[in-house]
Amino acid sequence: MKKPFIVGITGGSASGMTYFLNSLMGAFGEDDICLISQDHYYRSRNEVPVDENGVHNFDLPSAINHRKYAEHIIDLREGKTVEQMEYTFNNPAIIPQMLTFRPTPINVVEGIFVFYLKEIAELLDLKIFIDAKEHIKLKRRIIRDQVERGYDLTDVLYRWENHVFPTYEQFIKPSKADADIIIPNNRHFHRGLEVVKAFLKSKIEL
């Protein structure tokens, strides 16, 4: 198999990356595209830094095992199959599964730090930034963290003010300037999605 085309997708927390990714992945067969997410490369809880109030801050680059993440992306690029344990965001209702990533013509690399972390960014052939207004992201974050991850509202707002927003301003927002494509997602991303799908399909057909 020829060298895969590697797409990096990033954006602020709750910008709609997951929905965009699901829509993108649904347009391709499993033999054409592989998604390998930064979310599964969080360090164990005892290795994650804590803030001045003793709360674990998962919204820092140091919370990610970026070396292992980069190694797995390189393995996929070289045609090797990769296995990684699913990360369940400490949700006791979910039993983590061993995930298998197989090499395909298109590899999608996604996460809030994939542009910021040099060893990841230098592997990307195309960089896509999903953008949304802050109040819209906050609303989405509240809904997601309460429903999917079991966090109460006080915890969600604390993390947003002390972890999520400062991280966006320091590490993620500046990387928007490195993007090849910026897709606004305040209401929908349909036009941007169609452009990306058409471009990636052209890469498969080469």
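Each value, and the rule that gives it
Residues numbered from 1 in each chain as written. Predicted model: local features only at pLDDT ≥ 70, side-chain atom pairs only at ≥ 80, totals over all residues. Heavy atoms only, no water. Helix = DSSP H or I, 4+ residues; strand = E, 2+ residues; numbered from the N terminus. Expected span 1.5 Å × (residues − 1). Buried < 20%, exposed > 50% of the residue type's maximum accessible area, 1.4 Å probe, protein only. Arc of directions from axis to C-beta. Contact = heavy atoms within 4.5 Å. Salt bridge = Lys/Arg side-chain N within 4 Å of Asp/Glu carboxyl O. Axes fitted to C-alpha atoms, helices over the stretch in contact; angles between N-to-C directions. Parallel < 35°, antiparallel > 145°, perpendicular 65-115°, else oblique. Left-handed = near helix turned anticlockwise from the far one by under 90°. Nonpolar A, V, L, I, M, F, W, Y, C, P; charged D, E, K, R; others polar. Pairing = 2+ DSSP bridges.

### A closer look at helix α2 (residues 66-77)
Consideration 1: With 12 residues, α2 ought to run about 16 Å at 1.5 Å a step, and its terminal C-alpha atoms sit 16 Å apart, in line with that.
Consideration 2: For α2, the full list of buried residues reads H66, Y69, A70, H72, I73 and L76. Buried residues of α2, seen end-on, are gathered within an arc of 160 degrees and therefore sit on one face of the element.
Consideration 3: Those residues of α2 hidden inside the fold are in contact with β1 (5-11), β2 (33-37), β3 (82-85), β4 (98-101), β5 (106-110) and α3 (118-121).
Consideration 4: Count one or two residues on from α2 and you reach G79, which has phi positive near 90 degrees.

### What to know about the pattern of salt bridges
Consideration 1: Within the structure shown, the criterion is met by 10 salt bridges.
Consideration 2: A salt bridge links K80 to E78; the nearest nitrogen and oxygen atoms lie 3.5 Å apart.
Consideration 3: Overall, E78 belongs to the partly exposed group, its relative accessible area being 49%.
Consideration 4: Here D145 and R144 are joined by a salt bridge, their closest N and O atoms 3.1 Å apart.
Consideration 5: For D145, a relative accessible area of 1% puts it in the buried group.

### Looking at the packing of helix α1 (residues 17-25) against helix α6 (residues 190-205)
Consideration 1: α6 packs onto α1 with a crossing angle of 40 degrees between their chain directions and a minimal axis gap of 10 Å. Relative to α6, α1 is oriented oblique. As for the relative orientation of α1 and α6, their crossing is right-handed in sense. Between α1 and α6, the residues in contact are F20, S23 and L24 and L193, V196, K197 and L200, respectively.
Consideration 2: Here the residues of the contact of α1 with α6 sort into five nonpolar, one polar and one charged.

### Some words on the pairing of β2
Consideration 1: In terms of residue burial, β2 counts as a mostly covered element, since four of its five residues are buried.
Consideration 2: Of the pairings in the sheet, the one linking β2 to β5 comprises five bridges and is parallel in character. Residue pairing for β5: I36 is matched across the bridge by V109.

### Considerations on helix α4 (residues 134-147)
An α-helical turn contains 3.6 residues, so any two residues separated by three or four positions project in the same direction.
Consideration 1: Taking 1.5 Å of rise per residue, 14 residues should cover 20 Å, and α4 covers 20 Å from first to last C-alpha, within 8% of that figure.
Consideration 2: I136, K137, R141 and D145 are the residues of α4 that are buried. Projected down its long axis, α4 shows its buried positions confined to an angular sector of 145 degrees, all on one face. Residues of α4 that are exposed and angled more than 90 degrees away from the buried face: H135, K139 and V147.

### Observations regarding unusual backbone geometry
Consideration 1: Even without glycine at this site, A14 takes up a positive phi of about 70 degrees.
Consideration 2: Take A14: it is sitting in the loop between β1 and α1.

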